[in-house]
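What the coordinates show
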Amino acid sequence: TGPFPIKAKDNQKYFWFYFGKDKLYGQPVEVKAVKKGTEELVDVLSGPGAFYESARVSPDSVNMPSSLSFPSAGIWKVLVYIEEEFYQSIVVEVV
């Protein structure tokens, strides 16, 4: 969750939610993105990321606050890595 629209070159705060049985507490999280029409992988997460036990929402969910910054407008595929392993992706529009 976070502000919309997502604005290029603007460091914006977002919350990531994990729903599931895996215990992700303290594991490093990386958020990278690739702009449509390019192959360059860009780090969009500002600072370190991790899900902390104190951020637990319910027994099977936890959140992670983060700041994201996209260098330019366009369609971006956002790739989430947990402990350096690809986990999931989403596609967003950045204005």
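Residues numbered from 1 in each chain as written. Predicted model: local features only at pLDDT ≥ 70, side-chain atom pairs only at ≥ 80, totals over all residues. Heavy atoms only, no water.

Turning to the pattern of salt bridges, a few remarks are in order. Considering all chains together, one arrives at two salt bridges under this definition. Between Lys-32 and Glu-30 there is a salt bridge, with its nearest N and O atoms 3.6 Å apart. The class of Lys-32 is buried, set by a relative accessible area of 16%. A relative accessible area of 30% means that Glu-30 is categorised as partly exposed. The salt bridge partner of Lys-32 is Asp-43, with a shortest N-O separation of 2.8 Å. Taken together, the residues Lys-32 in strand 2 (residues 28-35) and Asp-43 in strand 3 (residues 41-43) connect sequence positions 11 residues apart. Take Asp-43: its relative accessible area is 53%, and that puts it in the exposed class. (Salt bridge = Lys/Arg side-chain N within 4 Å of Asp/Glu carboxyl O. Buried < 20%, exposed > 50% of the residue type's maximum accessible area, 1.4 Å probe, protein only. Helix = DSSP H or I, 4+ residues; strand = E, 2+ residues; numbered from the N terminus.)

So, about the environment of Phe-86. Along the polypeptide, Phe-86 turns up in strand 8 (residues 85-94). The spatial distance from the C-alpha of Phe-86 to the C-alpha of Glu-30 is 9.2 Å, given a sequence separation of 56 residues. Not counting the four nearest positions on each side in its chain, Phe-86 is found in contact with Leu-79, Val-80 and Tyr-81. (Contact = heavy atoms within 4.5 Å.)

It is worth spelling out the confidence of the model for the protein at this point. Across the protein, the average pLDDT comes to 88, with 93% of residues at 70 or higher. When mean pLDDT is taken per element in the protein, strand 3 scores highest with 96 and strand 5 (residues 56-58) scores lowest with 73. (pLDDT = per-residue confidence, 0-100.)

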